[in-house]
Amino acid sequence: MSETEETLANLLKEDRRFEPPADLAADANLKEEAYARAAADREGFWAEQAERLSWDRKWDQVLDWSNPPFAKWYVGGTLNAAYNCVDRHVEAGRGDKVALHWVGEPVDDKRSITYAELKDEVSQAANTLTELGVEAGDRVAIYMPMIPEAIVAMLACARIGAPHTVVFGGFSSDALASRLEDCQAKVVITADGGYRRGAPSALKPAVDEARAKAADLGHTVAKVLVVRRTGQDLGADGWDDAVDVWWHESVEQASTDHTPRAFDSEHPLYVMYTSGTTGKPKGILHTTGGYLTGAAYTHWAVFDLKPETDVYWCTADIGWVTGHSYIVYGPLANGATQVLYEGTPDSPERGRWWQIIEEYGVTLFYTAPTAIRSFMKQGREIPDRSDLSSLRILGSVGEPINPEAYVWYRHVIGGDRTPVVDTWWQTETGSIMISPLPGVTHGKPGSAMIPIPGVAAEVVTEEGEAVPNGSGGYLVLTEPWPSMLRTIWGDDERFKDTYWSRYEKQGFYFAGDGAKKDTDGDLWVLGRVDDVMNVSGHRLSTTEIESALVSHPKVAEAAVVGAKDEDTGQAVCAFVILRESALGDGASDEQSDIVAELRKHVRKEIGPIATPRQIMIVPELPKTRSGKIMRRLLRDVAEHREVGDVTTLADSSVMELISQGIDSGKGED
Ligand code: WTA
């Protein structure tokens, strides 16, 4: 049985069902009728959702799909995203409502910020950015820890119409440099450092390095705006007066008066880089009106948000799309009160998250399966020490949630009262596409269930035919949606190729995921079908890591696969052929030195999340006659399975060589 078939067979055995709680159902934001209403008049439904926002000028046309795959939503409408996330709540008399309960990693380092305060800070930052020469359309990179200033920075960019690109603070200076260059960022906003696992961890030096590397690539960053978070020493060369500007000496001194300007609905809001099947990250472009509509609507519908009483917490980092849609744009557009936490779940101790839920009375909680699995391993005694009875809805995102983790989450964290919404979406989709509605749809552990009202998804064959219930295929979106990506930054061709060429005839968006419809027609997302891995809910491209390995002088060739991993979903496993000059006498301590060196190299090139769990030094790689690496066979080795069909290999003895090397323990890390 193939791996996919095995998964399918296991999933078919899942027959647990959880009905929505009666009180939640009675008072739910969206009711059953919404599905039919949206299907009958999709554009009418999306027009209704766009009314959640404040528009300076109303649109003339909901959707212009005359030039697919390039969509325009709310054509002719104008609005300001930051005004929608901040000012309008203040104008409506809710200025004293807390927007952010910020919790720093060091205990007792906390700050609650009201919407009125947020408005002042965003205005100050907008004034400073303007003073630094940023104009509408200029790109600004944000490389920051999870502090309130990160959100202020994003909103300040949106306010002046400068698309931001937030780069995850765990990425290396190389990764930052390539993004700075790709989107030609004029200004970088960063901090001296942030707290990770109880210790300050520097960020500013990586920005300096990235700025130098970008300069080598021909791109000059004009200014770097720096928040003082840790107060750590920046070193003698760590500050350049011509470029670097302290946040507290500029933003905090600036005027709190700033009039937001209305931008076209299709004005670029941000670029978020994500992994694709080639080494070069894709800059996913989102625009203003459609994106904000999608983020606000889904956050309201899927979390059944009651802004007056709910306290919401999403544990994602703002460096990922989840942080964009479900920390910044969705919740703030909806005027929610939320928790923002700087640190790691286990600092200073393993119960930190649960203490935060108790302290702030969190009602809606959104996290990732990888975190849930790690808590499961630690045992329920830890969450049991905190009072989690405030919780009413739990969400999951980033990768398929295995049924056992789902049930544990619902049972131990949710006290069996809370629905679990397993939300499927992507950087490209901008907002949640497939998920149960907590007051309407029953839950099945492991299934994302059905598309939310307004969204049209299908599981299709290679030829684009819908598969019958009980079968698997490729997940596609069959109708355009407001928060869809508009293109890949600077590369319309790649945009068309990657997402729209596979089902060009049908006009479907191809998501790159495999999925199955069960006998009820509910959807089970099975994971990526391309060469993209999912490690702890983060997308990594195999080729990107291979390129990093091959850039090391001792490496001749490299192949990377994602192997199943109990904790992280998938783990990076690399097979490496060394250059002859690096082979030495093959002594095992020499090999383990090289393995350590290579792991360090990948960490430096991309970042710690890409560090291979395992690097195997091999004499050959399995290739087809046309030279394509057969990753399927390497995955068999990495997952300790019997190696599958080798008949299409150019040289079928290769796998024996690899297996022998592995069995003798050589090169294992
Ligand atoms: C996977 C994160 C199963 C999927 C929002 C998708 C999921 C990729 C789920 C997007 C889920 C995300 N069930 N798989 N609920 N959510 N995925 O762009 O493979 O970082 O294509 O966006 O994560 O990852 P991205």
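Predicted model only: the values in this text are computed from it and were never measured.

Novice: Mind showing me how you'd approach the nonpolar core here?
Specialist: Within soluble globular proteins, side chains that are nonpolar tend to cluster in buried spots. Counting residues in hydrophobic clusters, the biggest one holds 167 residues, and the most contacted among them are Leu118, Leu155, Ile189, Tyr329 and Ile545. Of all the elements, helix α7 (residues 148-160) adds the most residues to this core, at ten residues. Each of two domains, domain 1 (75-344) and domain 2 (532-668), supplies a minimum of three residues to this core. Among all residues touching tyrosine 329, those that are not within four sequence positions of it are Ala81, Cys85, Met154, Leu155, Ala158, His164, Leu269, Tyr270, Tyr291, Leu292, Ala295 and His324. In terms of nonpolar packing, the next biggest core, distinct from the first, is built from 28 residues, Trp313, Val339, Val362 and Ile413 among them.

Novice: Quick question: what am I supposed to make of the sheet that holds strand β21 (residues 457-460) here?
Specialist: Strand pairing in a sheet relies on backbone hydrogen bonds, with the paired strands running either antiparallel or parallel. Taken in spatial order, the four strands make up an open sheet running β21-β22-β24-β25, and their pairing is antiparallel. The sheet is open, and its two edges are formed by β21 and β25 (523-528), each paired on a single side. For this sheet, the mean angle separating the axes of adjacent strands, direction not counted, is 45°. Bridge analysis of β21 against strand β22 (residues 472-477) gives four bridges, and the strand direction is antiparallel. Within β22, the position partnered with alanine 457 by the bridge is leucine 477.

Novice: What exactly am I supposed to notice about the pairing of strand β27 (residues 538-541) here?
Specialist: Of the two faces of β27, the one carrying His538 and Leu540 and the one carrying Arg539 and Ser541 are both buried. Bridge analysis of strand β26 (residues 532-535) against β27 gives four bridges, and the strand direction is antiparallel. By the bridge assignment, methionine 533 is partnered in β27 with leucine 540. Connecting β26 to the next strand, β27, in antiparallel fashion are two residues, including serine 536 with a positive phi near 50°.

Novice: Can you walk me through the site of the ligand in this structure?
Specialist: Close contacts around the ligand come from 17 residues, with Asp422, Thr423, Thr427, Asp513 and Arg539 the closest. Within the contact set of the ligand, a nitrogen atom lies 3.4 Å away from a backbone nitrogen or oxygen of glutamate 399. In the complex, the protein chains occlude 96% of the 530 Å² of accessible area that the ligand would expose alone. For the shell around the ligand, the secondary structure elements donating two or more residues are α12 (321-333) and β25.

Novice: Where do I start with the packing of helix α8 (residues 173-183) against helix α9 (residues 204-216) in this structure?
Specialist: Put simply, α8 and α9 touch, their axes get as near as 8 Å, and they point 50° apart. As the angle between them shows, α8 and α9 are arranged oblique. For the crossing formed where α8 meets α9, the hand is right-handed. Together, Ser173, Asp174, Leu176, Ala177 and Leu180 of α8 and Ala206, Val207, Glu209, Ala210, Lys213 and Ala214 of α9 make up the contact between the two elements. Grouping the constituent residues of the contact of α8 with α9 by class yields seven nonpolar, one polar and three charged.

Novice: Please explain the packing of helix α11 (residues 289-302) against α12 as it appears in this structure.
Specialist: The angle between the axes and the distance between the axes are what describe a pair of packed helices. Put simply, α11 and α12 touch, their axes get as near as 8 Å, and they point 85° apart. Comparing their axes, α12 and α11 come out roughly perpendicular. Here α11 contributes Tyr291, Leu292, Ala295, Ala296, Thr298 and His299 to the contact with α12, which in turn contributes His324, Ser325, Tyr326, Tyr329, Gly330, Pro331 and Ala333. Here the contact of α11 with α12 is composed, by residue class, of eight nonpolar, five polar and no charged.

Novice: It is not clear to me how the confidence of the model for the protein should be interpreted in this structure. Could you clarify?
Specialist: Per-residue pLDDT for the protein averages 93, and the proportion of residues at 70 or more is 96%. Between residues 664-669, whose pLDDT stays under 50, and residues either more than four places distant or in other chains, the model counts 15 contacts.

Novice: How should the sheet that holds strand β4 (residues 98-103) be read in this particular structure?
Specialist: Strand order in this open sheet of seven strands is β5-β4-β17-β16-β18-β19-β20, and the pairing throughout is mixed. The strands lining the two open edges of the sheet, one partner per strand, are β5 (110-114) and β20 (420-422). Averaged over all pairs of adjacent strands, the angle between strand axes in this sheet comes to 20°, irrespective of strand direction. Bridge analysis of β4 against strand β17 (residues 337-341) gives four bridges, and the strand direction is parallel. Of the residues in β17, the one forming a bridge with valine 103 is tyrosine 341.

Cut-offs used in this document
- Starting from 1, residues in each chain are numbered consecutively following that chain's sequence as written.
- Under the rules for a predicted model, residues below a pLDDT of 70 receive no local features and side-chain atom pairs below 80 are neither given nor counted, while totals for whole chains, interfaces and linings still include all residues.
- Neither water nor hydrogens contribute to the side-chain values; these are computed over all heavy atoms in the structure.
- Take the buried residues of types Ala, Val, Leu, Ile, Met, Phe, Trp, Tyr and Cys, join any two whose side-chain atoms come within 4.5 Å, and each joined set is a nonpolar core.
- Whether a residue is buried, partly exposed or exposed follows from its accessible area with a 1.4 Å probe, protein chains only, as a fraction of its type maximum: under 20%, in between, or over 50%, in that order.
- Secondary structure elements are defined from DSSP: runs of H or I of at least 4 residues count as helices, runs of E of at least 2 residues count as strands, and each element is numbered from the N terminus.
- Domain ranges listed in this record stem from an automatic or a database domain assignment.
- Contacts are assigned to residue pairs that have any heavy atoms within 4.5 Å of one another.
- The criterion for strand pairing is that DSSP finds at least two bridges linking the strands in question.
- To get an axis, a line is fitted to the C-alpha atoms, and for a helix only the part in contact is used. The angle between two axes follows their N-to-C directions and goes from 0 to 180 degrees.
- Proximity criterion: a residue is near a molecule or strand once any of its heavy atoms comes within 4 Å of it.
- N or O atoms within 3.5 Å of each other form a polar contact, as long as, within protein, one can give a hydrogen and the other can take it, and as long as residues adjacent in sequence are counted only when both atoms are side-chain atoms.
- Only the protein chains shown count as covering a residue, and every accessible area follows the Shrake-Rupley method with a 1.4 Å probe.
- Every angle not falling under 35 degrees, over 145, or within 65 to 115 is termed oblique; those three ranges are roughly parallel, roughly antiparallel and roughly perpendicular.
- In this scheme, a crossing is called left-handed if the near helix is turned counterclockwise away from the far one by less than a right angle; it is called right-handed if the turn is clockwise.
- Classification used: nonpolar for Ala, Val, Leu, Ile, Met, Phe, Trp, Tyr, Cys and Pro, charged for Asp, Glu, Lys and Arg, polar for all others including Gly.
- pLDDT: the predictor's confidence for each residue, scored from 0 to 100.

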